[in-house]
Amino acid sequence: MTGKEMPAHPAPAEQVRRLIRRVDRAALGTRMAGAAAGIGGDAWPYVSLVLLAVDQTAAPLLLLSDLAEHTRNLKADDRISLLVDGTAGLADPLTGARATLLGRARRCDERSLLARYVTRHPSAAGYAGFEDFNLYRVDVEVAHLVAGFGRIHWIDGAAILDTPAPALAAAEPDIVAHMNHDHADALDRMAAAAGLSGTGWRMTGIDPDGIDLRSGGEVGRIDFAVRVEDAGAARAELVRLAQAACRT
């Protein structure tokens, strides 16, 4: 099934969703649950670095250790903020897009989402099964987008999330495995056509908006021209991308 063409100039909510899908890390803000070392008192804001993945709708996923300070904080107060930053590589970072997401972190025990997280972050495979690590899904309530000077918007969290595509979600593991096993060369050509450097690119995820790629420590994103919702539509769009890359 195919849907409407993707907008060339997305609305603010769409821009935030694309940004969340594209990045692989975020700054996590929590409220200190106890006394901060050397400061005393509680309720201090605490910011830490976390690895970020998303579910098919673009809701953020975090894999956190119970021993981490930020996890102790959110267990006492599940309100958090996430800064997702799309300004890397810009000569003037303040001209780039970044978004602060405000929401609540809820523990999530869906094995398919944990698998999606680990595929996005292969290094997490070494600790994802530890008893003190748990997956959290962030219910975004509002986002604050700064997309450059004067381009500032508050956006309702519900507007950011994508419409679920259960058929595509069910097919995702097979699509990813097939592309990585049988079409590794095509993935490299598609990555090069999208402006990604190097080789050895592997697919780590597919969603209605596009595909996620990784090569070593680098991540990349290729957006679809149309929305896809099942395996047939995904195949058609991947074939189109591969053919276009051959002509580049």
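Note that the coordinates shown come from a computational prediction; the quantities given were computed from them, not determined experimentally.

A. Representation of the overall build of the chain in the model. Counting secondary structure elements, the chain contains seven helices and 13 strands. In terms of overall size, the chain behaves like a compact globule, its C-alpha atoms giving a radius of gyration of 19 Å where 248 residues would be expected to give roughly 18 Å. Structurally, the chain occupies a C-alpha span of about 60 × 45 × 30 Å along its principal axes. Looking at the chain as a whole, 48% of its 248 residues are labelled buried. Counting contacts in the chain only where the partners sit at least 6 residues apart, residues at least 24 apart contribute 64% of the total. Carbon and sulfur atoms make up 56% of the accessible area of the chain, which totals about 12300 Å².

B. Spotlight on the environment of Ala171. Looking at the secondary structure, you find Ala171 in helix α5 (residues 166-182). A relative accessible area of 14% means that Ala171 is categorised as buried. Separated by 59 residues in sequence, Ala171 and Asp230 have C-alpha atoms that sit 7.3 Å apart.

C. Helix α2 (residues 69-76), seen in detail. Within α2, burial applies to His70, Thr71, Asn73 and Leu74. The arc that holds every buried residue of α2, seen down its axis, measures 160°, which confines them to one face. Of the residues in α2, the exposed ones pointing more than 90 degrees away from the buried face are Lys75 and Ala76. Turning to α2, the residues buried within the fold contact β2 (25-31), β3 (45-51), β5 (60-65), β6 (79-85), β7 (98-108) and β8 (133-146).

D. Up close: the sheet that holds strand β11 (residues 210-215). Strand order across the open sheet formed by three strands is β10-β11-β12, with antiparallel pairing between neighbours. Every interior strand has two partners, whereas the edge strands, β10 (202-207) and β12 (218-223), have only one. Sheet twist, expressed as the average angle between the axes of neighbouring strands with direction ignored, equals 20°. Where β11 lies against β12, six bridges are found, and the strand directions are antiparallel. Directly across from Arg214, in β12, lies its bridge partner Val219. Taken strand by strand, helix α3 (residues 111-120) contacts β10, β11 and β12, and its axis lies near 140° from that of β10. Sheet contacts for helix α6 (residues 184-193): β10, β11 and β12; angle to β11, the most-contacted strand, approximately 100°.

E. Representation of the nonpolar core in the model. Counting residues in each nonpolar core, the largest one holds 28 residues, and the members touching the most others are Val16, Leu62, Ile80, Leu82, Val84 and Leu101. Looking at this core, the elements that each hand over two or more residues are α1 (12-22), β2, β5, β6, β7 and β8. For this core, the element with the highest residue contribution is β8, accounting for five residues. Excluding residues that lie within four positions of it along the chain, Leu62 makes contacts with Leu28, Val50, Leu51, Leu52, Ile80, Leu82, Tyr117, Asn134, Leu135, Tyr136 and Val138.

F. Structural context of the packing of α6 against helix α7 (residues 231-247). The interhelical angle for the contact between α6 and α7, taken along N-to-C directions, is 70°, at an axis separation of 8 Å. Between α6 and α7, the angle falls in the class roughly perpendicular. Seen along the crossing, α6 lies across α7 with a hand that is left-handed. Where α6 approaches α7, its residues Ala186, Arg189, Met190 and Ala193 are matched on the opposing element by Leu238, Leu241, Ala242, Ala245 and Cys246. Counted by class, the contact of α6 with α7 contains eight nonpolar, no polar and one charged residues.

G. Representation of the packing of aromatic side chains within the structure. Applying the stated criterion across every chain, the model contains two aromatic pairs. Judged by centre distance (4.7 Å) and plane angle (35°), the ring pair of Tyr127 and Phe133 falls under tilted. For Tyr127, a relative accessible area of 22% puts it in the partly exposed group. Taken together, a centroid distance of 6.3 Å and an interplanar angle of 65° make the contact between Phe130 and Phe133 edge-to-face. Grouped by ring-pair contacts, the aromatic residues Tyr127, Phe130 and Phe133 constitute a single cluster.

How each quantity is defined
- Residues numbered from 1 in each chain as written.
- Predicted model: local features only at pLDDT ≥ 70, side-chain atom pairs only at ≥ 80, totals over all residues.
- Heavy atoms only, no water.
- Helix = DSSP H or I, 4+ residues; strand = E, 2+ residues; numbered from the N terminus.
- Rg over C-alpha atoms; globule rule 2.2 N^0.38 Å.
- Buried < 20%, exposed > 50% of the residue type's maximum accessible area, 1.4 Å probe, protein only.
- Contact = heavy atoms within 4.5 Å.
- Areas by Shrake-Rupley, 256 points an atom, 1.4 Å probe, with all protein chains shown as cover.
- Arc of directions from axis to C-beta.
- Pairing = 2+ DSSP bridges.
- Axes fitted to C-alpha atoms, helices over the stretch in contact; angles between N-to-C directions.
- Core = buried A, V, L, I, M, F, W, Y, C linked by side-chain atoms within 4.5 Å.
- Parallel < 35°, antiparallel > 145°, perpendicular 65-115°, else oblique.
- Left-handed = near helix turned anticlockwise from the far one by under 90°.
- Nonpolar A, V, L, I, M, F, W, Y, C, P; charged D, E, K, R; others polar.
- Phe/Tyr/Trp six-rings, centres within 6.5 Å; stacked < 30°, edge-to-face > 60°.

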